[in-house]
Amino acid sequence: MSRVYNFSAGPAILPEEVLKEAADEMLDYKGSGMSVMEMSHRSKWFQGIIDDAEADLRELIGIPDDYVVLFLQGGASMQFANIPLNFALPGSGVADYLVTGQWSKKAFQEAGRLITANKVASGEDDNFTHLPDCSDLALTPDAEYVYICENETVHGLKFHTLPDVGDRTLISDMSSCFLSEPIDAGKYGMFYAGAQKNVGPAGVVIAVIAKDLLPEGDIAGVPVMCQYKTQADKGSLYNTPPCYGIYICGKVFKWLKAQGGLGAMKERNEEKAALLYDAIDRSDLFKGTVVKEDRSLMNVPFVTGDPDLDAKFVKESAAAGLTNLKGHRSVGGLRASIYNAMPKEGVEALVDFMERFELANK
Ligand SMILES: *Cc1c(COP(=O)(O)O)cnc(C)c1O
């Protein structure tokens, strides 16, 4: 067996300990005589798995009791529609969006199909190389919420401080930075993440929502499955949940606790990101694409400036066991995603390879 250092943006690297544990339990989960993939979501075993997952997540983040934790499907992309459908009246509702990269742009566009979505800040004119000035946002008086993507996976931007939205409801897509650092849950009306970036396999979305935001009754015209209240009322078991994915997420939560929790992860992630950004800043060949103050700790885009050389880098790094370093198809260049599960040794191996590549391609 040989494992690579996988720098994929998602689905992405998972902790090896978690994969091994899952392998050990594959044929017989704790004496059940079956795999988690084979068991009823109404069984006592699965109820234990989802209850543990929720409890561990609540403990890791410190989620207040007046928030629900949901395990959903449809990807983060489904939430782009569900958020306006649940929190702003379909048709007449209004919400404000900060467009800071590909993912918030997609969320904004989807919301615009369903409600009045106002773009109150945008970094698009500068190709999303820095966050727009959010010091004095012109929020819409009757906007139901303000939406951000806290870490832009494609462009490699991160809100290191949250924009000031006053007493508005803040909704955050945390897909690619979820659990990479402590989260102050009380600052948000809702935050959510597609699991396949930093938490688990594809197929699960984790959403944390303030209970008082959930509409009380049925929302006319909105499919039952798109109403958060449906799953909130049923402990995410209204229908068959993504059982195996939730099981793996639960193991990752336990792994994170064993690592020392989110504060410890933040320290480690800062250390890993500094290693890589310092190497980029030292280099005469590689250049970062994002201004320093807005750089993501998770997704690190960089370029040589020569597409052929970028392609050569992707090919040779893969041959050296460093995979998925190609930039997103929309921006080109290179990108290293260094999520929680990427060990420091992986980043060191990448930096070492970059230095050798630079020497060889002077
Ligand atoms: C990957 C990603 C998405 C889309 O996730 P899907 O699960 O593919 O729908 C949305 N937002 C962010 C920040 C992402 O990184």
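The following refers to the structure shown.

Focus on the overall build of the protein chain
Stage number 1. Helix and strand content of the protein chain: ten helices and 14 strands.
Stage number 2. The C-alpha radius of gyration computed for the protein chain amounts to 21 Å, which stays within 12% of the reference 21 Å derived for 362 residues, consistent with globular compactness.
Stage number 3. Reported as C-alpha extents along the three principal axes, the dimensions of the protein chain are approximately 65 × 60 × 30 Å.
Stage number 4. By residue count, 56% of the 362 residues in the protein chain fall in the buried class.

Quick word on the sheet that holds strand β3 (residues 94-99)
Stage number 1. Taken in spatial order, the seven strands make up an open sheet running β2-β10-β9-β8-β5-β3-β4, and their pairing is mixed. Either end of the sheet is taken by a strand with one partner, and the two such strands are β2 (67-72) and β4 (116-122). Adjacent strand axes in the sheet meet at a mean angle of 20° when their direction is disregarded.
Stage number 2. Alignment of β3 against β4, held across six bridges, turns out to be parallel. Bridged to D96 within β4 is N118.
Stage number 3. Sitting on the sheet, helix α2 (residues 44-61) is in contact with β2, β9 (190-194) and β10 (205-210), with an inclination near 130° to β2.
Stage number 4. In this fold helix α3 (residues 75-87) packs onto β2, β3, β5 (146-149), β8 (170-173), β9 and β10, with an angle of close to 160° to the strand it touches most, β9.

Points about the sheet that holds strand β12 (residues 299-303)
Stage number 1. Judged by pairing direction, the sheet is antiparallel, and its three strands sit side by side in the order β11-β12-β14 without closing on themselves. Looking at which strands have only one partner, the edges of the open sheet turn out to be β11 (287-288) and β14 (334-337).
Stage number 2. Strand direction decides the pairing type here: β11 and β12, joined by two bridges, are antiparallel. The partner of K287 across the bridge, within β12, is V303.

A few points about the packing of aromatic side chains
Stage number 1. Throughout the structure, instances matching the rule amount to 16 aromatic pairs.
Stage number 2. Centre to centre, the rings of F80 and W103 are 6.4 Å apart; their planes meet at 50°, and the pair counts as tilted. Taken as a pair, F80 in helix α3 and W103 in helix α4 (residues 102-112) lie far apart in primary sequence, 23 residues in all. Of the two residues examined, F80 and W103, each falls in the buried class.
Stage number 3. Chaining the aromatic ring pairs together yields one cluster made of F286, F302, F313, F353 and F357.

A look at the pattern of salt bridges
Stage number 1. On inspection of all chains with the given rule, the structure shows 22 salt bridges.
Stage number 2. The structure contains a network of salt bridges with shared partners spanning D52, D56, E59, K254 and K257.

So, the site of the ligand
Stage number 1. The ligand sits among G75, A76, S77, F80, W103, C149, N151, T153, D173, S175, Q196 and K197.
Stage number 2. Between the ligand and T153, the relevant distance is 2.4 Å, taken from an oxygen atom to a side-chain nitrogen or oxygen of the residue.
Stage number 3. Contacts to the ligand include D173, whose side-chain N or O atom sits 2.6 Å from a nitrogen atom.
Stage number 4. In isolation the ligand has 380 Å² of accessible area, and contact with the protein removes 86% of it.
Stage number 5. When grouped by side-chain class, the residues that make up the shell around the ligand number four nonpolar, six polar and two charged.

Section: a nonpolar patch on the surface
Stage number 1. On the surface, V224, M225 and Y238 cluster together to form a nonpolar patch covering roughly 270 Å² of accessible area.
Stage number 2. Looking at the secondary structure, you find M225 in the loop between β10 and α6 (228-233).

Some points on the pairing of β9
Stage number 1. Most of β9 sits inside the fold, with five of its five residues counted as buried.
Stage number 2. Relative to β9, β8 is paired through three bridges, and the arrangement is parallel. Within β9, the position partnered with D173 by the bridge is Y192.
Stage number 3. Strand direction decides the pairing type here: β9 and β10, joined by five bridges, are antiparallel.

Comments concerning the packing of helix α9 (residues 307-319) against helix α10 (residues 344-360)
Stage number 1. Between α9 and α10, the shortest axis-to-axis distance is 11 Å and the interhelical angle comes to 130°. By the angle between their axes, α9 is oblique relative to α10. By crossing handedness, the relation of α9 to α10 is classed as right-handed. Residue-level contacts link L309, K312, F313, E316 and S317 of α9 to L350, F353, M354 and F357 of α10.
Stage number 2. Looking at the contact of α9 with α10, its residues break down into six nonpolar, one polar and two charged.

Digging into the packing of α2 against helix α7 (residues 243-258)
Stage number 1. Running from N to C, α2 and α7 point in directions that differ by 40°, and their axes come no closer than 9 Å. Accordingly, the angle class assigned to the pair α2 and α7 is oblique. Crossing of α2 against α7: the hand is left-handed. Between α2 and α7, the residues in contact are F46, I49, I50, D52, A53, D56, L57, E59 and L60 and C243, I246, Y247, G250, F253, K254, L256 and K257, respectively.

Structural notes on α9
Stage number 1. Taking 1.5 Å as the rise per residue, α9 with 13 residues should run 18 Å; its terminal C-alpha atoms sit 19 Å apart, in good agreement.
Stage number 2. Buried within α9 are the following residues: L309, D310, F313 and S317. Viewed along the axis of α9, the buried residues span an arc of 105°, placing them on a single side of the element. Away from its buried face, by an angle of more than 90 degrees, α9 presents the exposed residues P307, D308, K315 and A319.
Stage number 3. Looking at the residues trailing α9, positive phi occurs at G321, about 85°.

Conventions used here
- Residues numbered from 1 in each chain as written.
- Predicted model: local features only at pLDDT ≥ 70, side-chain atom pairs only at ≥ 80, totals over all residues.
- Heavy atoms only, no water.
- Helix = DSSP H or I, 4+ residues; strand = E, 2+ residues; numbered from the N terminus.
- Rg over C-alpha atoms; globule rule 2.2 N^0.38 Å.
- Buried < 20%, exposed > 50% of the residue type's maximum accessible area, 1.4 Å probe, protein only.
- Pairing = 2+ DSSP bridges.
- Axes fitted to C-alpha atoms, helices over the stretch in contact; angles between N-to-C directions.
- Contact = heavy atoms within 4.5 Å.
- Phe/Tyr/Trp six-rings, centres within 6.5 Å; stacked < 30°, edge-to-face > 60°.
- Salt bridge = Lys/Arg side-chain N within 4 Å of Asp/Glu carboxyl O.
- Near = heavy atom within 4 Å.
- Polar contact = N/O pair within 3.5 Å; in protein donor to acceptor, adjacent residues only side chain to side chain.
- Areas by Shrake-Rupley, 256 points an atom, 1.4 Å probe, with all protein chains shown as cover.
- Nonpolar A, V, L, I, M, F, W, Y, C, P; charged D, E, K, R; others polar.
- Patch = residues over 30% accessible without salt bridge, like charges linked within 9 Å, V, L, I, M, F, W, Y side chains within 5 Å.
- Parallel < 35°, antiparallel > 145°, perpendicular 65-115°, else oblique.
- Left-handed = near helix turned anticlockwise from the far one by under 90°.
- Expected span 1.5 Å × (residues − 1).
- Arc of directions from axis to C-beta.

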